[in-house]
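This is what each chain is made of:
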Amino acid sequence: MTNTLSSELAPSTDPAAELANQAPPSFGHAMLKLFEFDPSYVNLNHGSYGSLPIPVRVACDKLSARVEANPDRFLRIECIHHWNEARTRVAKLIGAETDECVLVNNTSHGVNTVLRNFDWNEGDIIIGTTTTYGAVSRAIRYIGDTTPHPQVSTFDLSFPISHAEILENWREHLRQVTSEGGDLKQTRKVVAVMDAIVSNPGARLPWKEMVAICKDAGVWSVVDAAHAIGQEVDINLSEAKPDFWVSNCHKWLFAKRSCAVLYVPRRNHHVIKSPFPTPPTYHSLEDEHYNGPQDFVKLFQWTGTIDYIPFLSVNAALDFRQWLGGEHKINEYTHNLAIAGGKHLASLLGTSVMDPEGDLTLNMVNVELPIPGDIKYSDEVNSLLLNTLLLEWNTYAAHYYHNGKWWTRCSAQVWNEISDFEVLANALKDACQKVVKFSKQ
């Protein structure tokens, strides 16, 4: 995927062509005809894996057919055209330059790419949080476990908590971390990994302000924005200036699984010496004709034979979202539904929402479950909840244990209505009763 595509060979098919002459359905259950869900499935867990709209799937199928018609022509000549278009369009959406953005498999892949490219030294520090996504948290721990063993520091996040409290605590944590270390303070690096939107609880963090605090403290900022693109509007990375930022396109943006955008501003291109796997275009200092490191974007163009269709599906996903009315219209509906649905679900369960004022809530709302807090997480409890919700009731919203309580995280999407929260309430009541009964045995 290293050659440019001539205008004569550029594909003439437009992924949005079939949508152009018809109006989209109204938000709510009318939207279900644009997705391929089991008709009896009530999906309030879009946030975990994303959901592929039929028009995007059709566009992907057409691209797959082009690949199979002539793999050499597509992968050697045509693919780069679609890949660059996807990078250009997603860069515009997040307020970045095209060549500051590349596409990777998922956010965990992107964060690992960043962390494993730092030249770690004794005395360096990596900061994670108590709510860091599991795979990312384990990656931080792995780096701390390997030579030269940078220190792992953990910032406590226990919800509910206000943005003001988070920022005050974050500033103090960074102050403490950067003030310790004696002679190493002047030479060591400190790298902070933070979420834009926490996975569990599904809570929005003041990540832009946290990035600014990092900058003032001389700390590198790595933003795990897995849930951000397609859920958080008006992202402007050129203004926020994180050092690294990664977001899944297959979640809230409606691209095909799996695909993420990795943003590395030009000032930090030198940090990324190789993606993984290492591509054939990597430049080594030991090369006979070494003339400097490889261009950042070229490093990611070809890292081996994979299915590139998920990366290229970003174009069709953006076309689909424009057809629906654009980012603000989509997220106005889903945010308002998340707020209303969360309150309604809490009322039906006899509990409360985690975030009554809505400051932490975008399109994922967290509602307490009627399970006593002294019933802790176990594989048996987890299986009981999963099996009851998915196999008996054919509905799902994520469940988790946090800060001494059980919660559900509901993802509001364009196909949902308030009645979906009522279906979920009945399922959760049944599931929670089974958990309580099981725990008394």
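Heads up: the structure comes first, above all this text.
Residues numbered from 1 in each chain as written. Predicted model: local features only at pLDDT ≥ 70, side-chain atom pairs only at ≥ 80, totals over all residues. Heavy atoms only, no water.

Draft legend 1. Expanded view of the pairing of strand β12 (residues 405-411). Burial analysis of β12 places six of its seven residues in the buried class, which makes it a mostly covered element. Taken together, the five bridges between strand β9 (residues 364-368) and β12 define a ladder with antiparallel strand orientation. The residue of β12 that forms the bridge with E368 is W407. Of the strand pairs in this sheet, strand β11 (residues 398-402) and β12 are connected by five bridges, and their pairing is antiparallel. Looking across to β12, one finds that H402 is bridged to K405. What sits between the antiparallel neighbours β11 and β12 is a turn of two residues, in which N403 has the positive phi angle 55 degrees. (Buried < 20%, exposed > 50% of the residue type's maximum accessible area, 1.4 Å probe, protein only. Helix = DSSP H or I, 4+ residues; strand = E, 2+ residues; numbered from the N terminus. Pairing = 2+ DSSP bridges.)

Draft legend 2. Looking closely at the nonpolar core. In terms of nonpolar packing, the biggest core is built from 104 residues, with F159, W170 and W245 touching the most fellow members. Ranked by the residues each element gives to this core, the list is headed by helix α10 (residues 309-324), at 10 residues. Residue contacts for F159: discarding those within four places in its chain leaves T131, I166, V198, P201, A203, L205, M354, L360, H402 and N403. Within the second largest apolar cluster, 29 residues are counted, among which are I371, A425, A427 and L428. (Core = buried A, V, L, I, M, F, W, Y, C linked by side-chain atoms within 4.5 Å. Contact = heavy atoms within 4.5 Å.)

Draft legend 3. The arrangement of the layout of surface pockets in detail. In this model, the largest pocket occupies a volume close to 1000 Å³. Lining the largest pocket are 45 residues, and of these S48, Y133, S199, N200 and R409 sit closest to its centre. Going through the elements one at a time, α1 (46-49), α4 (107-115), α12 (379-392) and β11 are the ones with two or more residues in the lining of the largest pocket. When grouped by side-chain class, the residues that make up the lining of the largest pocket number 16 nonpolar, 22 polar and seven charged. (1 Å grid on protein atoms, 1.4 Å probe; cavity = no way out; pocket = protein on both sides within 12 Å on 5 of 7 lines; lining within 4 Å. Points joined across faces, edges and corners; volume = space filled by probe spheres on them. Nonpolar A, V, L, I, M, F, W, Y, C, P; charged D, E, K, R; others polar.)

Draft legend 4. Local environment of the sheet that holds β12. Strand order in this open sheet of three strands is β9-β12-β11, and the pairing throughout is antiparallel. Looking at which strands have only one partner, the edges of the open sheet turn out to be β9 and β11. In this sheet, adjacent strand axes meet at a mean angle of 30 degrees when their direction is disregarded. (Axes fitted to C-alpha atoms, helices over the stretch in contact; angles between N-to-C directions.)

Draft legend 5. Region of interest: empty space enclosed by the protein. In total, this model carries one cavity of 30 Å³ or more according to the counting rule given. Quantified by volume, the largest cavity comes out at close to 40 Å³. If you go around the largest cavity, the residues you meet are I339, K343, V353, D355, P356, G358, T361 and V365. Its residues placed into classes, the lining of the largest cavity shows four nonpolar, two polar and two charged.

Keep in mind these values describe shape, not function.
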